[in-house]
Each structure stands twice: as C-alpha cells, then as structure tokens.
Amino acid sequence: MTASPRHFLEIPDLDGGELRGLLARAARLKAGQEGRDRPLAGTTLALIFRKSSTRTRVSFEVGIQQLGGAGIFLSDRDTQLGRGEPIMDTSRVLSGYVDGIMIRTFEHAEVEELARYASVPVINGLTDRFHPCQLLADLLTLQEEFGTELSGLRVAWVGDGNNMAHSWLNAAYRLGFELRLAVPEGFDPDPELVRRAASAAPVHLVRDPREAVEGAHAVNTDVWASMGQEGESEARRDALRRYQVDATLMALAAPEAIFLHCLPAHRGEEVSAEVIDGPQSRIYREAENRLHAQKALLLELLT
Ligand code: CP
Ligand code: NVA
C-alpha cells in the first residue's frame, strides 16, 4: 500500500515547527540561497480555478516554473469539472497525470473530497472557509518586519469574519501570537475556530475596531464581500461601514505597525487610500511573498 499524500488544506495541516521551517525555507528561497538547481524538474502541478485569481494563479505558475517544474491551468470554463464531472473522478484521473493539485473553489468540503480521492498532494488555493497560502505569505511578511519570533506579536483583524479571518485564527492557534478580531454582529468567524485558537493563544473577538487595533503590530482587513457574495455587497457595505481601516484607526496601532491586505482591495470601503497607499502598507511585499512562501510549500509537499 502506498502512503497517503501530504495535503495542505488549512494552516493546522502543518504543526508549529513545520510552519516555522517552511517560513525559514521561504526566506532562503527569496534570498536565492536555495532552489536554483531546479529541484522540481519533471514535476507537474494542476491548478484548478473555479473562482477568479491574479496572485494565486501567477505565483503558483511562476513558482513551479522557477523550481524546474510545470503548472497546468484548469478553469471551470474549459474542463469537464465545470460541466459537472464528479470531484472523485476528476481527482483520480488527475492523480494519474500530475504530481500535485492546487484548487480554488467555493465549498471547502469540495477540496476535502478532492484530497480524499487524490493520490498526490492537494493544496487549497482558497475556499469560502480558508485561504492558507495567503497566510504563509502574510506570516513571511511579518517575519521580515519583526523577526522570526512571531509569538510575541499582536495582530489585529478588522472587518468580515471570512476565510482570511479563519486563516488568521488558525495561524494564531499554531504559532501562539495575540490576535484580536473586530467583527460586527452577524459577521462572526466560526465560533469553533475561535474556541480552538483561544485554547492555544490570546485570541479575542470584539465589536469595536479600536479595541482590536490598539497597540497592534499588524493591522489586517479584507473585502467586505468575498467572491460568491457579490449579491450581498450593498447590505454588507452598510453593516461594515464602521469597520474601515483609516488613518485615525491606524494611529492607535503600535508606532512600527504595518498594514496588510491579501488583495484585491476596495479603496474607500474596507480601507482608506491613505492607509493602503501610505508608508505603513506592505501590500505589495505581501503579494510578492506569495511566490516565495508557495515555492517553499511546493518543495515541502512535492519532494
Ligand atoms: N490574494 C489572492 O489570493 O489574490 P488572487 O485572488 O488574485 O489570487
Ligand atoms: N476574502 C476574499 C479573499 C480574496 C483573495 C475572497 O474570498 O474573495
């Protein structure tokens, strides 16, 4: 019997030591100290996108190519998956061709099903529930700014209790840093994820954005309507209006605080242009770090 493959569907799929090791590797890859010898030569990664993407698609395609392998972009528009072919069949068939599968889709259960039937590693490139690859990049950005010991940091989340908020909860659970989430009533993250994170780290769910941001080293937000929620945009804008990260809010954070956003962003909604385009913003470095962090992940899972 062959050993079951290693998947990355959510942050806790790596333990704290593995996560720290992966971030260290990402830093070495970024510095050009590793990965120059085409370590993934002959390796192929399928990239299934059932939702739009700029960063995830390009960083995975470029990343595998830089490591000597190849990526195959598969969209709903031109695969049988988009016409309703079962996940099980897709998973088993692709497993016969490629060495790994990255998938971006709506329901998290679909990624779990794909992984259940795959004989190659499956990577979650975003679901309605989690966006773990983004967190790898965000943690790398925090390390570059504040050093590798992340457990002493205070991180603020302001806005919707969405897939990114869930992923921050999972990162706090694994690494132990303080996380304060300010979320309006009705938009709370999954209480089970809050409970689990709070069992391992100082995690607080509050209603007042000022309470979350006070003294924080990093202030994070994300769009108020995620992919698939476009029809709720107006109602969400009304409910989340008080949760914009603007200069007044940012001033409550630590003096050395940075602003993070996974992008795409809506200036004037969840964040003011002054903050996202200002000196504390690290959004472009954060986006670049997707490439380095995912190269480390690919090396971890595919070799
Ligand atoms: N942050 C992120 O995942 O961006 P894309 O939707 O462009 O991939
Ligand atoms: N929460 C956003 C993140 C996009 C990268 C979404 O799911 O659309």
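Here's what I pulled together on the structure shown here. Model, not experiment: these values are computed from the prediction. (Residues numbered from 1 in each chain as written. Chains lettered and ligands numbered in written order. Predicted model: local features only at pLDDT ≥ 70, side-chain atom pairs only at ≥ 80, totals over all residues. Heavy atoms only, no water.)

Considering the site of ligand 2
In the neighbourhood of ligand 2, the contacting residues comprise Leu 126, His 131, Asn 162, Asn 163, Asp 222, Val 223, Ser 226, Met 227, Cys 262 and Leu 263. The side chain of Asn 163 places a nitrogen or oxygen atom 2.8 Å from an oxygen atom of ligand 2. At 2.6 Å from a nitrogen atom of ligand 2 is found a side-chain nitrogen or oxygen belonging to Asp 222. Looking at the shell around ligand 2 residue by residue, the classes come out as five nonpolar, four polar and one charged. (Near = heavy atom within 4 Å. Polar contact = N/O pair within 3.5 Å; in protein donor to acceptor, adjacent residues only side chain to side chain. Nonpolar A, V, L, I, M, F, W, Y, C, P; charged D, E, K, R; others polar.)

Some points on helix α5 (residues 132-146)
For the α-helix, the turn length of 3.6 residues means that residues three or four positions removed from each other point alike. Helix length check: α5, at 15 residues, gives a terminal C-alpha distance of 21 Å against a target of 21 Å (1.5 Å per residue), a fit within 8%. Counting buried residues along α5, 12 of its 15 residues qualify, which places the element largely inside the surrounding structure. Along α5, the residues classified as buried are Pro 132, Cys 133, Gln 134, Leu 135, Leu 136, Ala 137, Asp 138, Leu 139, Leu 140, Thr 141, Leu 142 and Gln 143. In the segment just after α5, Gly 147 is the residue with positive phi, at about 95 degrees. (Helix = DSSP H or I, 4+ residues; strand = E, 2+ residues; numbered from the N terminus. Expected span 1.5 Å × (residues − 1). Buried < 20%, exposed > 50% of the residue type's maximum accessible area, 1.4 Å probe, protein only.)

Some details on the sheet that holds strand β6 (residues 178-182)
Pairing within the open sheet is parallel, and its five strands lie in the order β7-β6-β5-β8-β9. Of all strands in the sheet, those bounded by a partner on one side alone are β7 (203-206) and β9 (258-261). In this sheet, neighbouring strand axes are inclined to one another by 20 degrees on average, regardless of whether the strands run parallel or antiparallel. Here strand β5 (residues 154-158) pairs with β6 via five bridges, running parallel. Across the sheet, Ala 156 pairs through a bridge with Arg 180, a residue of β6. Relative to the sheet, helix α6 (residues 163-175) contacts β5, β6, β7, β8 (218-221) and β9, its axis offset from that of β6 by approximately 160 degrees. (Pairing = 2+ DSSP bridges. Axes fitted to C-alpha atoms, helices over the stretch in contact; angles between N-to-C directions. Contact = heavy atoms within 4.5 Å.)

Here we look at the pairing of strand β3 (residues 100-104)
Summarising burial for β3: five of the five residues are buried, a large majority. Here strand β1 (residues 44-49) pairs with β3 via five bridges, running parallel. When the sheet's bridge partners are listed, Ile 48 is paired in β3 with Ile 103. As paired elements, β3 and strand β4 (residues 122-124) share three bridges and run parallel to each other. Bridge pairing in β4 places Ile 101 opposite Val 122.

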